[in-house]
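So you can see what is in the structure, the chains are spelled out below.
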Amino acid sequence: MTGSTASIRCGDDLRGRVPGTYFTIADPVCQGPVHGEFLEGYVSRRAGFVAGHYAHGAAAVRARLGAEYAALRELPQYDRVLLWFEHDLWDQAVLIRVLSVLAGWPALAGRLWLVPSDGERPFAEMPQDELESLAPQPLPWSTVEAGAEAWDAFAAEDPSALDRLSRRALPLPHLARAMRRHLQDLPWVTDGLGMTERLVMRAAAEGVTGEGPLMRHLRAADPVFHLTDLILRDVVTRLSTGTRRLLTREAPHLPTAHGAAILAGAARYSPGPRHQAGVVVGPRGRWWWNPRSAGVTDRLPGRPGLFG
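What counts as what
- Residues numbered from 1 in each chain as written.
- Predicted model: local features only at pLDDT ≥ 70, side-chain atom pairs only at ≥ 80, totals over all residues.
- Heavy atoms only, no water.
- Helix = DSSP H or I, 4+ residues; strand = E, 2+ residues; numbered from the N terminus.
- Buried < 20%, exposed > 50% of the residue type's maximum accessible area, 1.4 Å probe, protein only.
- Contact = heavy atoms within 4.5 Å.
- Axes fitted to C-alpha atoms, helices over the stretch in contact; angles between N-to-C directions.
- Parallel < 35°, antiparallel > 145°, perpendicular 65-115°, else oblique.
- Nonpolar A, V, L, I, M, F, W, Y, C, P; charged D, E, K, R; others polar.
- 1 Å grid on protein atoms, 1.4 Å probe; cavity = no way out; pocket = protein on both sides within 12 Å on 5 of 7 lines; lining within 4 Å.
- Points joined across faces, edges and corners; volume = space filled by probe spheres on them.

Caption draft 1: Structural view of the side chain of Arg-181. Position of Arg-181 among the secondary structure elements: in helix H7 (residues 175-183). Judged by its relative accessible area of 4%, Arg-181 falls in the buried class. Once residues lying within four places of it in the same chain are set aside, the contact partners of Arg-181 are Leu-89, Met-195, Thr-196, Leu-199, Asp-222, Val-224 and Phe-225.

Caption draft 2: Examining the packing of helix H8 (residues 195-205) against helix H10 (residues 229-239) more closely. Packing of H8 against H10 brings their axes to within 10 Å, and their N-to-C directions diverge by 80°. The pairing of H8 with H10 is recorded here as roughly perpendicular in orientation. Here H8 contributes Thr-196, Glu-197, Val-200 and Met-201 to the contact with H10, which in turn contributes Leu-232, Val-235, Val-236, Arg-238 and Leu-239. The residue makeup of the contact of H8 with H10, split by class, is 6 nonpolar, 1 polar and 2 charged.

Caption draft 3: Molecular detail of the layout of surface pockets. One number sums up the size of the largest pocket: a volume of about 560 Å³. Surrounding the largest pocket, 28 residues form its lining, Trp-90, His-226, Leu-227, Thr-228 and Asp-229 being those nearest its centre. Within the residue set of the lining of the largest pocket, elements represented by two or more residues are helix H1 (39-54), helix H3 (89-102), helix H9 (211-221) and H10. The element contributing the most residues to the lining of the largest pocket is H9, with 4 residues. Broken down by class, the residue content of the lining of the largest pocket amounts to 14 nonpolar, 4 polar and 10 charged.

Here it is, written out as structure tokens:
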């Protein structure tokens, strides 16, 4: 395929607008568990999470994810592979997932190109002439390996390596900021809320209700993590479920008395069990975010007072 081009994107929003054969990887790796040494086990676990949290059929999700990852095996036949990933957490997490796969195919060296993001606007919001004027930058193989290293840290049960990595100068320009935003969704030692949960709670306390207004509010407040509607619904469901719920069960979801007390600093949230990539979050979770040190904290026994 002399002169052939492929484009990889974490969604279908650029299909028909970018050159070459279009490859989609729509795996929302910024949410849920990302374990699995072998692809089949990984896809099965991801499918279970997506189906359970976003109301999709497990078999359909498993088939879709499996097909998307399997299609990547076709990439070595292309002369140029364009990577269309923006600055936000969703895109950067999928980017390092893709690079971790491509790192196993050294035949792609010299054929990978990263399309530059301006760090603000989604590609899909750009006029077609501006989209076509973007100049892809060649991706050195050392950067592919750095992406694979970042994925290993992202998927690890101990987030310390990812914390250290996010403090370094990285060859992928938006990765460090996105990974720090990811770590900030661990429970905070101050109130037990992750950053996304806290932003949702504060918006609800300000009277921002309804999915559309809430999405716009959160996007303005948090340029690094652009929540999708499904992720927002999952967070709201988590906060509005259970006897100690922080938001009212029914819409409009407003803070309960317990939720208001947490926002006021008079109580702490005890998060239920969930996975934050490789990290286990919940009552038995070991890792928390400490704003005082602006990094992850190991919840070791024998440190009374810190988690009070």
